[in-house]
Amino acid sequence: SPAVATPQDLAGRTVLVSAGGTREPLDPVRFLGNRSSGKQGYALAAVAASRGADVVLVSSSSLPDPAGVRVVRVETAEQLRTAVLAEAPSADVVVMAAAVADFRPARFTDHKIKKSDDGGSPVIELVRNPDILAELAAHRTRPGQVVVGFAAETGDAQGSVLDHARAKLARKGCDLLVVNEVGVDKTFGSDDNTVVVLDAAGGERPVEHALDPGTKTEVAAGVWNVVTRRLAARAG
Ligand code: CTP
Ligand code: CA
């Protein structure tokens with residue numbers, strides 16, 4: 001059967017992807033973490049490389065390195081921020097697929113916290129982590145750079161998944177927001193994904209690109225299709 005050539009529509013582009021859940025250390029043996037597997041970010045990196053991009057993946061996941069991708073390993077949100085801000089000036093596209101911890105322990109205890117340390121239960125004080133996506137969007141280091149965020153949302157009494165997503169897109173100031181609806185058995189650790197990409201371009205209300213449901217690799221291809229149209233629009 002004839003081989004179907006992968007389009008090389010990202011040739012000559014440098015893309016930066018962050019992936020995985022950050023780990024915020026509490027003591028030498030413990031951390032605060034989350035259930036993000038990193039699979040969607042890794043799929044984005046792998047698909048971009050297969051379409052010809054130069055790809056840097058800043059990762060707090062333990063998945064194996066995708067072929068043809070430069071991987072920078074990090075653990076905490078602070079390390080992720082440092083690595084992303086260092087790489088962003090040479091990126092045409094930055095995709096923040098990482099699940100960045102919103103909070104970290106205020107203090108790292110340099111010995112293992114023991115039950116005997118005090119009579120009661122320990123209280124862990126938390127402090128906010130920096131918002132890396134908002135910082136990237138506010139201080140663009142390269143003209144025409146496309147900044148892409150991810151949001152896992154649930155609908156609630158305050159609004160639908162898309163209501164929350166539109167508010168987040170505006171708050172972050174990024175160009176595109178890839179929105180997943182999450183529930184108990186949706187998204188985390190699974191190989192399939194259903195997403196809508198919100199595009200802030202143009203009018204009052206973001207344009208909605210509903211991608212076909214599929215594997216994380218298929219969803220990654222759909223996200224890059226939206227991104228390449230965005231890049232072309234900016235160039236022309
Ligand atoms: N993000 C980031 N830095 C943070 C938190 C989030 O760069 N400290 C990025 C994520 O990588 C993602 C996007 O922001 O691309 C949205 O993450 P999300 O957790 O949905 O946004 P928050 O602003 O933290 O909102 P929420 O209170 O809903 O968690
Ligand atoms: Ca968050």
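Residues numbered from 1 in each chain as written. Chains lettered and ligands numbered in written order. Predicted model: local features only at pLDDT ≥ 70, side-chain atom pairs only at ≥ 80, totals over all residues. Heavy atoms only, no water.

(A) The coordination of the calcium ion (ligand 2), seen in detail. Only Asp102 (OD) and Asp102 (OD) from the protein reach the calcium ion (ligand 2) as donors, at distances of 2.5 Å. Mapped onto the elements, Asp102 comes out in the loop between strand S6 (93–96) and strand S7 (103–105). (Donors = N, O, S within 2.8 Å, 3.2 Å for Na, K, Ca; no water. Helix = DSSP H or I, 4+ residues; strand = E, 2+ residues; numbered from the N terminus.)

(B) Local environment of helix H2 (residues 77–87). Taken together, the buried positions of H2 are occupied by Ala77, Leu80, Ala83, Val84 and Glu87. Down the axis of H2, the smallest arc covering the buried residues is 130 degrees, so these residues share one side. Across H2 from its buried face, at more than 90 degrees, point the exposed residues Thr82 and Ala86. (Buried < 20%, exposed > 50% of the residue type's maximum accessible area, 1.4 Å probe, protein only. Arc of directions from axis to C-beta.)

(C) Structural context of the sheet that holds strand S10 (residues 176–181). Read from one edge of the open sheet, 8 strands run S5-S4-S1-S6-S9-S10-S12-S13, paired in mixed fashion. A single partner strand is all that each edge strand has here, and the edge strands are strand S5 (70–73) and strand S13 (207–210). Along the sheet, successive strands turn relative to each other by an average axial angle of 20 degrees, direction set aside. Here strand S1 (residues 14–19) pairs with strand S4 (residues 54–59) via 6 bridges, running parallel. Bridge assignment links Ala19 to a residue of S4, and that residue is Ser59. Across the sheet, helix H1 (residues 39–50) touches S1, S4, S5, S6 and strand S9 (146–153), and the angle it forms with S4 is around 165 degrees. Packed onto the sheet, helix H4 (residues 161–172) meets S9, S10, strand S12 (195–199) and S13 and runs at close to 150 degrees relative to S10. (Pairing = 2+ DSSP bridges. Axes fitted to C-alpha atoms, helices over the stretch in contact; angles between N-to-C directions. Contact = heavy atoms within 4.5 Å.)

(D) Spatial organisation of the UniProt feature "binding site: CTP" (unreviewed entry) in the chain. Mapped onto the present numbering, the UniProt feature "binding site: CTP" (unreviewed entry) falls on Asp102, Lys112, Pro130, Asp131, Ile132, Leu133, Phe150, Lys168 and Lys172. A maximum C-alpha distance of 37.8 Å shows the annotated residues, which cover 71 residues in sequence, to be distributed over more than one spot. Looking only at the residues we just named, the largest pocket is lined by Asp102, Pro130, Asp131, Ile132, Leu133, Phe150, Lys168 and Lys172. With respect to the element layout, Asp131 can be found in the loop between strand S8 (126–128) and helix H3 (132–138). Following the sequence through the fold, Leu133 ends up in helix H3. You can call Leu133 buried: its relative accessible area is 6%. Apart from residues lying up to four places away in sequence, Leu133 is in contact with Met96, Val147, Val148, Gly149, Lys172 and Cys174. (UniProt positions renumbered as here; feature names shortened; annotations may be inferred. 1 Å grid on protein atoms, 1.4 Å probe; cavity = no way out; pocket = protein on both sides within 12 Å on 5 of 7 lines; lining within 4 Å.)

(E) Expanded view of the site of ligand 1. Around ligand 1, the structure places 13 residues, and the nearest of them are Met96, Ala98, Leu133, Lys168 and Lys172. Leu133 has a polar backbone atom sitting 2.8 Å from an oxygen atom of ligand 1. One of the side-chain N or O atoms of Lys172 is found 2.7 Å from an oxygen atom in ligand 1. Taking 570 Å² as the accessible area of ligand 1 by itself, protein coverage stands at 75%. With respect to the pocket detection grid, ligand 1 is positioned in the largest pocket. Per-element accounting of the shell around ligand 1 gives the leading share, 3 residues, to S9. Taken together, the residues of the shell around ligand 1 break down into 8 nonpolar, 1 polar and 4 charged. (Near = heavy atom within 4 Å. Polar contact = N/O pair within 3.5 Å; in protein donor to acceptor, adjacent residues only side chain to side chain. Areas by Shrake-Rupley, 256 points an atom, 1.4 Å probe, with all protein chains shown as cover. Sits in = over half its atoms within 2 Å of the grid points. Nonpolar A, V, L, I, M, F, W, Y, C, P; charged D, E, K, R; others polar.)

(F) The arrangement of the nonpolar core in detail. Formed by 32 residues in total, the largest nonpolar core has its most connected members in Leu44, Val93 and Trp224. Mapped onto this core, the elements with two or more residues apiece are S1, H1, S4, S6, S9, S10, S12 and helix H5 (216–235). Sorting elements by how many residues they give to this core places H5 first, with 7 residues. Among residues more than four places away in sequence, those in contact with Leu44 are Val17, Val95, Ala97, Phe150, Ala220, Val223 and Trp224. In terms of nonpolar packing, the next biggest core, distinct from the first, is built from 25 residues, Leu16, Val58, Val74 and Leu198 among them. (Core = buried A, V, L, I, M, F, W, Y, C linked by side-chain atoms within 4.5 Å.)

(G) Spatial organisation of the environment of Ala221. Relative to the helices and strands, Ala221 resides in helix H5. Residues contacting Ala221, with those up to four places away along its chain left out, are Val47 and Arg51.

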